[in-house]
Amino acid sequence: MATVSEPPKEAFRLSQLIYDTRYRSMTIQIVALVAFLILIGWLISNTAQNLADLGKEPSFRFLGESAGYDINQRLIDYNNQDSHMRAAVVGILNTLLVAILGCATATILGVIIGVARLSKNWLVGRLMTIYVEIFRNVPVLLWIVFIMAILIETLPPPNAFRGDDPDATMKLFDTVAITNRGVYIPDPVFGADAKDEKGEFLEEPVGWRVGLGDFPIGASRDNPACESYYATEGPGAGEPAASCGTFQVSLDLLLVLAVLVSGFYASHRIKRRADRIQEATGLRPVTWYLRLGVVVLPFAITLWALGFYFAYPELRGFNFQGGTHMRNSLIALWLALSLYTAAFIAEIVRAGILAISHGQTEAAAALGLRPKRIMNLVILPQALRVIIPPLISMWLNLTKNSSLAIAVGYMDITGTLMGITLNQTGRELETVLLGMLIYLTISLIISAVMNWYNRSVKLVER
Amino acid sequence: MSEVSYVRTEILPERDPPVIATGLIGWMRENLFSGWFNSALTILSLTFVVMLLDGILPWIFSPTWHATSLGECREILRGMGREGHYPGACWGVIRDRWVQLLFGFYPSELYWRPIMAFLLLGVALAPVLFSDRVPRKLLWFSAVYPFLFPWLLWGGSIWVPLSALAGFVIGWFVFRAADARAGGLAGIVAGVLAALVWWLLLSGYVVQGLDAILPIGIEAVQSRNFGGFMLSVTIGVVAIACSLPIGIVLALGRQSDLLIVKALCVGFIEFIRGVPLITLLFVASTLLNIFMPPGTNFDIILRVIIMATLFASAYMAEVVRGGLAALPQGQYEGADSLGLDYWQAQRLVIMPQALKISIPGIVSTFIGLFKDTTLVSIIGLLDPLGLSNAIRADSDWNGIVWELYGFIALLFFVVCFAMSRYSMYLERKLNTGHR
């Protein structure tokens, strides 16, 4: 006796595709997919036709051609004979430079302002509110051009530093020159004994602290620029000239970084050992001098052995020479992006701290924790979970906003690839799509890394 | 011996709190000078404020309103004995050019049209923004306004917006007719098809014919004459109005069970959110014409509006998705158990709550979009920032910086600040929580 009643078998009718919920979702999806494919096909066929009419074959060969324009602010060597590709790489590095500088400054400023806005001090709280409202409600592009104008208009020109009684002086014990052409800061250099005070190689090193020099990746003996690199004697032997190889890695810097990282690792091991001893005996050994020592001592010794010194900027002729020149465009962009984003980060931090209920503080106090430990052990770890996700999206926003560099002439990827390269080669399609792809990659990498970090600090619930 | 002399038998009269704990002094001790750290902070910030005001106030108060050039400003200030690098502001430039900063190169005899358009914008928005104080009948005007707005700004024949409106009316009637005969989905398809047929095939001839018979219209204004704050507001308002519905649809698509629809929505949202707006504006200015059929050449402002709308709708979708995710599952199940279908459940149960939760995010997206309209100056449109360069190119005002930037910043600040205050008001009004 079968009690299961089978649904009546019916022939499939076409109308079931629309009215039967079993098939409808499939219908909708297929229609959506077909519509999407038709749209894409339509766009591609239009593009192909238009490009054919214009006589432009889509190709990326222009990337290998000589760029022919200069980039004044750059992290790697570049001259106007280099390819468009290299110009784009210089642009990408500039984008990353300003993004990293901006994110760091904006986060520090934002945390300070966010905490100060919650201060019990009435005046400080109000001032911070005014700051946040002013910066949030005025476009970031306006801030960028505004700060650029402040730098150009109010700072002293280099010739104001000249003479016996100059109008302007260098700041921070004569090491930093702030002028309306940019800021000159000391340049960290290795190999003190191999160079004179202008940074030129001496005929004979006066000591053994000559540094390790640079390693040119992709150097070849055929390249005349590499002559000095393969030479065994003479001034600057073993040092590649600027245009030798595609990219030069400073071996000194690598060594210093390696020493620093291993120092931190050793310090971490000491902390772990102290933790273990505390777990076992209840007494924590005093380790701060050990931990400080394993980081600082090897670092300082390495720096000294490599002949580390600062090359200071110096007024010569009409302008400052030596040191690192940070152009106004970089400073304006960096400052404006940091100040603007800091206003948003301040609100995020404030909301994060306010989101932790007061009961947490009271419970921690009831356990006998002191205020500083309450903040460190109870409030901050919980607030951070609220703060980090929107903070990541603020960093992403800052990185994307750095594309406004084009307004002040800072040569980031928008200025090089999607700016001058586009205008010179007339390859709109390739350059703009490539530029979008680069930004997309940067954004996706940042958000992937940060989401991974976010998952690792997330509260594990049932 | 049992006499305990210090036990009081009657209650003491209440006394006022000490002077240092009440009034201004008490407030200051509490809020400004509680502890050495707080006192130091107060003194530091006070010094900072005084120095800032001391630097800026004398500059602001400068009687140069009627000057006609930067040189004249300097004359006036020198006459007052004010010398130096920045003796005072030159407000003459604002008096001379504020109209241009607001309207760009729009023909001056036609200024009434944008003014009218933005006044009517207020009327059309009133029933939406302040639904409890304004009669609901006005919503009819809000529905018609999207057709009135471009006509007032760009001008031309009145039959163009009317035929666009007619497309919606035709679509609606076809939908009603088909709905009664063949039911829901078929009705929608028929209605959309009818409207598309009207817009793409028929309306052109009808407009031409009507124009020949009854040429009613106002003077047409070219897009390149648009500029100033009017341009920012135009781009902002249209993009804001279009991005909310598109964003809601994208958010629903991203939350949906239909895999392909979901993948398309996620791809679109993540792509748009991963690239800066400026690259999308480059697409608008250089690539959009390449993507269209050969021979199409549509307006640069329209292209920018399309890109700004797409940009904002991706962000809007994420905000709305946050609201949807914040709703407890019970709301979806409750709506299902009432027998509501998907769209009814969305319209009656889910969306009203999800949108209420996401109001702060929605408004901050609006504010962000409105601020981002300044980016159009980079692709050569004359928004206030673009105009400021044009004004400086005039030999009379060569060298003016702060006055122009200050004025533009003030314009944006007022609008954005008003929007953020409105969102707070709306949150309070819609708050049905019990806390």
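Residues numbered from 1 in each chain as written. Chains lettered and ligands numbered in written order. Predicted model: local features only at pLDDT ≥ 70, side-chain atom pairs only at ≥ 80, totals over all residues.

Q: Account for the overall build of chain A, with residues named and values stated.
A: When helices and strands are counted, chain A shows 14 helices and nine strands. In chain A, which comprises 462 residues, the share counted as buried stands at 29%. Pairs at least 24 apart in sequence give 63% of the contacts found in chain A among residues at least 6 apart. (Helix = DSSP H or I, 4+ residues; strand = E, 2+ residues; numbered from the N terminus. Buried ≥ 20, exposed ≤ 12 C-beta atoms within 10 Å, placed from the backbone. Contact = placed C-beta atoms within 7 Å.)

Q: Which residues make up the overall build of chain B, and what values do they have?
A: On a plain count of helices and strands, chain B comes out with 17 helices and two strands. Relative to a compact globule of 435 residues, whose C-alpha radius of gyration would be 22 Å, chain B shows 30 Å and is clearly more extended. Seen through its C-alpha atoms, chain B measures out along the principal axes to roughly 110 × 80 × 40 Å. Burial analysis of chain B (435 residues in total) assigns 29% to the buried set. Sequence-distant contacts, at least 24 apart, represent 70% of the contacts inside chain B between residues at least 6 apart. (Rg over C-alpha atoms; globule rule 2.2 N^0.38 Å.)

Q: Summarise the interface of chain B and chain A; cite the residues concerned and give the values.
A: At the junction of the two partners, chain B supplies 42 residues and chain A supplies 46 residues. Put simply, the parts of the chain that give the side of chain B that touches chain A at least two residues each are α2 (36-60), α10 (259-274), α11 (277-291) and α17 (402-430) of chain B. Considering every element that reaches the side of chain B that touches chain A, the biggest residue donor is α11(B), with eight residues. Taken together, the residues of the side of chain B that touches chain A sort by class into 32 nonpolar, nine polar and one charged. (Nonpolar A, V, L, I, M, F, W, Y, C, P; charged D, E, K, R; others polar.)

Q: Pulling in residues and values, what's your account of the domain arrangement of chain B?
A: All names here are of chain B. In terms of domain boundaries, chain B breaks down into domain 1 (15-61), domain 2 (112-146), domain 3 (156-218) and domain 4 (225-435). Each of domain 2 and domain 4 was reduced to a C-alpha centroid, and the two centroids are 20 Å apart. In this complex, domain 2 contributes four residues to the contact, which on the side of domain 4 involves four residues. Split by residue class, the side of domain 2 that touches domain 4 holds four nonpolar, no polar and no charged. (Domains from an automatic or database assignment.)

Q: Provide a residue-level description of the sheet that holds strand β2 (residues 182-185) of chain A, including the pertinent values.
A: All names here are of chain A. Strands sit in the order β1-β2-β9 across an open sheet of three strands; the sheet is antiparallel. Looking along the sheet, the strands with just one partner apiece sit at the ends: β1 (177-179) and β9 (324-326). Across the sheet, the mean angle separating the axes of adjacent strands is 15° when strand polarity is ignored. The sheet contact formed by β2 and β9 spans three bridges and is antiparallel. Its bridge partner being in β9, Tyr184 is matched across the sheet by His325. (Pairing = 2+ DSSP bridges. Axes fitted to C-alpha atoms, helices over the stretch in contact; angles between N-to-C directions.)

Q: Could you give an account of the packing of helix α5 (residues 140-154) of chain A against α17(B), with specific residues and numbers?
A: Where α5(A) meets α17(B), the axes come as close as 11 Å, and the angle between the chain directions of the two elements is 160°. When the axis of α5(A) is compared with that of α17(B), the two are roughly antiparallel. You can see that α5(A) and α17(B) cross each other, and the crossing is left-handed. Note on element contacts: α17(B) touches α5(A) through B:Tyr405, B:Ile408 and B:Ala409, opposite A:Leu142, A:Phe146 and A:Ala149. Considered class by class, the residues forming the contact of α5(A) with α17(B) number six nonpolar, no polar and no charged. (Parallel < 35°, antiparallel > 145°, perpendicular 65-115°, else oblique. Left-handed = near helix turned anticlockwise from the far one by under 90°.)

Q: Requested: an account of the environment of B:Pro107, with residues and values cited.
A: Residues and elements named next belong to chain B. Tracing the backbone shows Pro107 in the loop between α4 (92-103) and α5 (112-129). Distance from Pro107 to Leu410, taken between C-alpha atoms, is 25 Å for residues 303 residues apart in sequence. Not counting chain neighbours up to four residues away, the residues in contact with Pro107 comprise Val221 and Asn225.

Q: So what's going on with helix α4 (residues 122-136) of chain A? Residues and values would help.
A: Under the 1.5 Å per step criterion, the end-to-end length of α4(A) is 21 Å for 15 residues, consistent within 8% with the ideal 21 Å. Within α4(A), the full set of buried residues consists of A:Leu123, A:Val124, A:Leu127, A:Met128, A:Val132 and A:Arg136. At its buried positions, α4(A) is contacted by α3 (84-117) and α10 (328-355) of chain A together with α2 of chain B. (Expected span 1.5 Å × (residues − 1).)

Q: Describe in detail the packing of helix α12 (residues 300-326) of chain B against helix α14 (residues 342-357) of chain B, supporting the description with residues and values.
A: Residues and elements named next belong to chain B. As a packed pair, α12 and α14 sit with axes 8 Å apart at the nearest point and diverge in direction by 115°. In this structure, α12 meets α14 at a crossing whose hand is right-handed. Of the residues in α14, those touching α12 at Val320, Gly323, Leu324 and Ala326 are Ile350, Ala354, Leu355 and Ile357. Of the residues contributing to the contact of α12 with α14, the split by class is seven nonpolar, one polar and no charged.

Q: Break down the nonpolar core for me, with residues and values.
A: Counting 145 residues, the largest nonpolar core has A:Ile144, A:Leu333, A:Ala336, B:Leu281 and B:Val304 as the members making the most contacts within it. Take this core: its biggest share by element is 16 residues, from α10(A). With near-sequence residues (within four places) excluded, A:Leu333 lies in contact with A:Val98, A:Ile144, A:Ser402, A:Ala405, A:Val408 and A:Tyr410. Listed in part, the five residues of the second largest apolar core include B:Ala117, B:Phe149, B:Leu152 and B:Trp154. (Core = buried A, V, L, I, M, F, W, Y, C linked by C-beta atoms within 7 Å.)

Q: Summarise helix α9 (residues 228-255) of chain B; cite the residues concerned and give the values.
A: All names here are of chain B. For α9, which comprises 28 residues, the first-to-last C-alpha distance of 40 Å matches the rise-based estimate of 40 Å (1.5 Å per residue) to within 8%. Its axis deflected by about 30° at Ser243, α9 carries its strongest bend there, up to four residues before the proline Pro245. In terms of residue burial, α9 counts as a mostly covered element, since 21 of its 28 residues are buried. (Bend = angle between axes of the 7 residues up to and from the residue.)

Q: Tell me what's going on with the environment of B:Arg113, and back it up with residues and numbers.
A: Residue and element names in this part refer to chain B. Position of Arg113 relative to the elements: it lies in helix α5. Sequence spacing of Arg113 and Leu153 is 40 residues, and the spatial spacing of their C-alpha atoms is 6.3 Å. If we skip the residues at most four places from it in the chain, Arg113 touches Leu152 and Leu153.

Q: Go over the pairing of β2(A), please, and point to the residues and values.
A: All names here are of chain A. Relative to β2, β1 is paired through three bridges, and the arrangement is antiparallel. Each residue of the ladder has a partner; that of Thr179, found in β2, is Gly182. Between β1 and β2, which pair antiparallel and follow one another directly, the connecting turn spans two residues.

Q: Explain the environment of A:Met148 residue by residue, including any values.
A: Residues and elements named next belong to chain A. Considering the arrangement of structural elements, one finds Met148 in helix α5. Overall, the presence of 22 C-beta atoms within 10 Å leaves Met148 in the buried class. Residues Met148 and Leu330, 182 residues apart in the sequence, show an inter-C-alpha distance of 9.3 Å.

Q: Mind laying out the confidence of the model for chain B, listing which residues take part and the relevant values?
A: Considering every residue of chain B, the mean pLDDT works out to 87; 97% of them sit at 70 or more. Two summary scores accompany this predicted model of the complex, namely pTM at 0.88 and ipTM at 0.88. (pLDDT = per-residue confidence, 0-100.)

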